[in-house]
Amino acid sequence: MSRPARPQGPRLSISIRPHRLPMSDQGFTTRLVHADHRAQLEHGAIHQPIHPSTEYAYTDARELAAVFQGKAGYTYARQGTPTTASLEAKVTDMEHAQATVAFATGMAALNAIFFALLRQGDHLIASKYIFGNTNSLLMTLENFGVELSLVDATDAAQVEAAIRPDTRMVFVETIANPGTQIADLKAIGELCRARRLVYVVDSTLSSPYLAPGRDFGASLVVNSLSKHIGGHGNALGGAVTQTGLYDWSGFPHIYEQYRKGDPRGWGLLQIKKKGLRDMGGTLSSDVAHRIAAGAETMALRMDRICANALALARFLETHPQVSRVHYPGLASHPQHARATQWFGGRYGGLLGVELHDHVDVFDCLNRLRVAALATHLGDNRTLVLPAAHTIYYEMGPERRALMGIPDGFLRISVGIEDEADLIGDFARALDAVGA
Ligand SMILES: *Cc1c(COP(=O)(O)O)cnc(C)c1O
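Computed from a predicted model, the values in this text were never measured in an experiment. (Residues numbered from 1 in each chain as written. Predicted model: local features only at pLDDT ≥ 70, side-chain atom pairs only at ≥ 80, totals over all residues. Heavy atoms only, no water.)

Chemist: Could you clarify how one ought to interpret the overall build of the protein in this entry?
Modeler: Along the backbone of the protein there are 16 helices and 12 strands. Relative to its length of 435 residues, the protein is compact, with a C-alpha radius of gyration of 22 Å against a globular reference of 22 Å. In terms of principal-axis extent, the alpha carbons of the protein reach across some 75 × 55 × 35 Å. Evaluated residue by residue, the protein yields a buried proportion of 57% over its 435 residues. Within the protein, contacts between residues at least 6 apart in sequence are counted, and of these 71% link residues at least 24 apart. Accessible surface, the protein as shown: approximately 18000 Å² in total, 51% of it carbon and sulfur. Seen as two clouds, the 42 positive and the 43 negative side-chain charges of the protein have centres 7 Å apart. (Helix = DSSP H or I, 4+ residues; strand = E, 2+ residues; numbered from the N terminus. Rg over C-alpha atoms; globule rule 2.2 N^0.38 Å. Buried < 20%, exposed > 50% of the residue type's maximum accessible area, 1.4 Å probe, protein only. Contact = heavy atoms within 4.5 Å. Areas by Shrake-Rupley, 256 points an atom, 1.4 Å probe, with all protein chains shown as cover. Lys, Arg positive; Asp, Glu negative; His and termini not counted. Charge placed at Lys NZ, Arg CZ, Asp CG, Glu CD.)

Chemist: Can you help me understand the pattern of salt bridges in this one?
Modeler: Side-chain pairing between opposite charges can occur once the charged atoms of the two side chains come close. By the definition in use, this model includes 17 salt bridges. A salt bridge links Glu190 to Arg193, with the nearest nitrogen and oxygen atoms 2.9 Å apart. With Glu190 and Arg193 both in helix α7 (residues 185–195) and 3 residues apart, this pair spans about one turn of that helix. Take Glu190: its relative accessible area is 45%, and that puts it in the partly exposed class. Put simply, Arg264 and Asp262 hold a salt bridge, and the shortest N to O gap is 2.7 Å. (Salt bridge = Lys/Arg side-chain N within 4 Å of Asp/Glu carboxyl O.)

Chemist: Which parts of the structure should I look at to understand the sheet that holds strand β3 (residues 147–151)?
Modeler: Strand pairs in the sheet, formed through backbone hydrogen bonds, run parallel or antiparallel to each other. Ordered in space as β1-β7-β6-β5-β4-β2-β3, the 7 strands form an open sheet in which the pairing is mixed. What marks the edges here is a single partner per strand, and that holds for β1 (99–103) and β3. Looking at each pair of strands side by side, their axes are set apart by 20 degrees on average, direction ignored. Two elements, β1 and strand β7 (residues 238–242), share 5 bridges in a ladder whose sense is antiparallel. Bridging from a neighbouring strand, Val101 pairs with Val240 of β7. In this fold α7 packs onto β4 (167–173) and β5 (198–202), with an angle of close to 165 degrees to the strand it touches most, β4. (Pairing = 2+ DSSP bridges. Axes fitted to C-alpha atoms, helices over the stretch in contact; angles between N-to-C directions.)

Chemist: What should I look at first to understand helix α10 (residues 266–278) in this one?
Modeler: A turn of α-helix holds 3.6 residues, and therefore any two residues three or four places apart point the same way. The first and last C-alpha atoms of α10 sit 17 Å apart over 13 residues, in line with the 18 Å expected at 1.5 Å per residue. In terms of burial, α10 is largely enclosed, as 10 of its 13 residues are buried. For α10, every residue scored as buried is listed here: Trp266, Gly267, Leu268, Gln270, Ile271, Lys272, Lys273, Lys274, Gly275 and Leu276. (Expected span 1.5 Å × (residues − 1).)

Chemist: Explanation requested: the packing of aromatic side chains in the structure shown.
Modeler: What characterises a pair of aromatic rings is the spacing of the ring centres plus the angle enclosed by the ring planes. According to the stated counting rule, one finds 10 aromatic pairs in the structure shown. Seen in terms of ring centroids, Phe114 and Phe171 are 5.6 Å apart; in terms of plane orientation they differ by 75 degrees. Their pairing is edge-to-face. With Phe114 in helix α4 (residues 106–117) and Phe171 in strand β4, this pair connects stretches of sequence that are 57 residues apart. Pair check on accessibility: Phe114 and Phe171 agree, each one buried. Geometrically, the ring pair formed by Trp248 and Phe251 is edge-to-face, given 5.3 Å between the ring centres and 80 degrees between the ring planes. When sorted by exposure, Trp248 lands in the same class as Phe251, which is buried. Cluster of aromatic residues (ring-pair linked, three or more members): Phe216, Trp342 and Phe343. (Phe/Tyr/Trp six-rings, centres within 6.5 Å; stacked < 30°, edge-to-face > 60°.)

Chemist: Can you help me understand the nonpolar core in this one?
Modeler: Most often, soluble globular proteins have nonpolar side chains that are buried together. Core analysis: the biggest nonpolar cluster contains 81 residues, and Ile188, Leu316, Phe343, Leu351 and Ile412 have the highest contact counts within it. Ranked by residue count, the leading element in this core is helix α12 (residues 298–317), at 10 residues. Within the second largest apolar cluster, 45 residues are counted, among which are Ile113, Ala116, Val222 and Leu268. (Core = buried A, V, L, I, M, F, W, Y, C linked by side-chain atoms within 4.5 Å.)

Chemist: Any chance you could explain helix α1 (residues 28–38) here in plain terms?
Modeler: For α1, the set of buried residues is Phe28, Arg31, Leu32 and Asp36. For α1, the arc enclosing every buried residue in end-on projection is 120 degrees, short of the 170-degree limit, so these residues lie on one face. Where α1 is buried, its residues touch α3 (82–94), α8 (207–210), α11 (285–295) and α12. At the C-terminal side of α1, Gln40 shows a positive phi close to 55 degrees. (Arc of directions from axis to C-beta.)

Chemist: Before we go on, may I ask you to explain the domain arrangement of the protein in this structure?
Modeler: Interfaces are often described in size by the accessible area the parts lose on coming together. Here the domain parsing of the protein yields domain 1 (28–295) and domain 2 (299–434). Distance from the C-alpha centre of domain 1 to the C-alpha centre of domain 2: 28 Å. Taken residue by residue, the interface counts 42 residues in domain 1 and 36 residues in domain 2. Both sides of the domain 1 and domain 2 interface together cover about 3200 Å² of buried area, and 60% of this is carbon and sulfur. For domain 1, the biggest contributors to the area lost against domain 2 are Pro178, Tyr209 and His228; these three give 21% of the whole. Run the count over domain 1 and domain 2 and you get 1 salt bridge. Taken together, the connections running from domain 1 to domain 2 amount to 18 residue pairs in polar contact (both at pLDDT 80 or more). In terms of residue class, the side of domain 1 that touches domain 2 is built from 19 nonpolar, 19 polar and 4 charged. (Domains from an automatic or database assignment. Buried area = accessible area lost by both parts, 1.4 Å probe. Polar contact = N/O pair within 3.5 Å; in protein donor to acceptor, adjacent residues only side chain to side chain. Nonpolar A, V, L, I, M, F, W, Y, C, P; charged D, E, K, R; others polar.)

What follows is the structure in structure tokens.
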């Protein structure tokens, strides 16, 4: 059976490529920082240029038509530019995957997956430990007739028990925001493979640096590029990456026009057509460039963030004003062993910290001098917020209880500051409220 010729280079937005790139004998950062100039850009540029063009013109009308009909190339920037394609190629490489589509935000990426692939009457199984805005999005999906089961995905048996004949998809986060629960990622991957379910893994908190999503058998991997990959708190973006592990020929909702070529590529093509062309959740070239520049130091930042987070978690765990610290790097974390095995001895930058009931959360936070009181995570700066009063406020006390978010819960996203400054900051604030 002959396969269609594989178009070349970063022009291609939905290219199926071999799992290992020619450069893949080199390390994560080496590949990343040399990716653009190895593509032989004009004038020997080392960065992919920022292409501001909205539209792309052709001298031959037949060529224009061919690109509209699926040939590699650009038409209108809502469906991508050479600059966004270069970022997509980098994320694909980090994930050891086949192809990526970039979006304006992580939420746009998630929306594109759910709305492009699910229909009324479909059943979706999701972890009950997930980012609050994603939880809210799933409630919106329910209003469109998607049936939702929220389960404790730290145990694959609970996912299995929820499977029904109309189940189409399983959604989990690698490390859950903000409780840091770690789903039974590999066993759920096995289960999804055996039952031919689409397995969507949101890898935002672990990032492809700790583990690529294909390690867990994911069909699609979501990364918020606003977090660790961009890293500097100056750009929003999201990405959906196709690992190539899922054969879409058995999935009933792929439109006829996208059932072309290798069936492992159909799902992402539909996500791109619906999510970018039809819904318009497009990343701009300027922002894509900023994210790509930030990504160059991702491994360095992550190493530092993970080391700082572990040190801070160990300190906080012993503090008398703290009742509980949720951090996968602590031996007390229920999924510590699994995290150690899967994430190469790094545990990410997010801490969930529960203060004792008698501690005034706001008073404590107001005493911090280094950490910024702000939402967001995966930033160079340490950021703290009282989760129940902010990102989980809207969903009300019952859903918060279901998701394990008590009133005294602090979400701390650890940055790259000097360790002693960070620990000193929390020590001063907690000692003062305890005095
Ligand atoms: C932040 C976050 C998102 C959403 O990403 P944005 O880029 O902020 O839209 C999705 N999933 C997780 C786990 C996140 O932490």
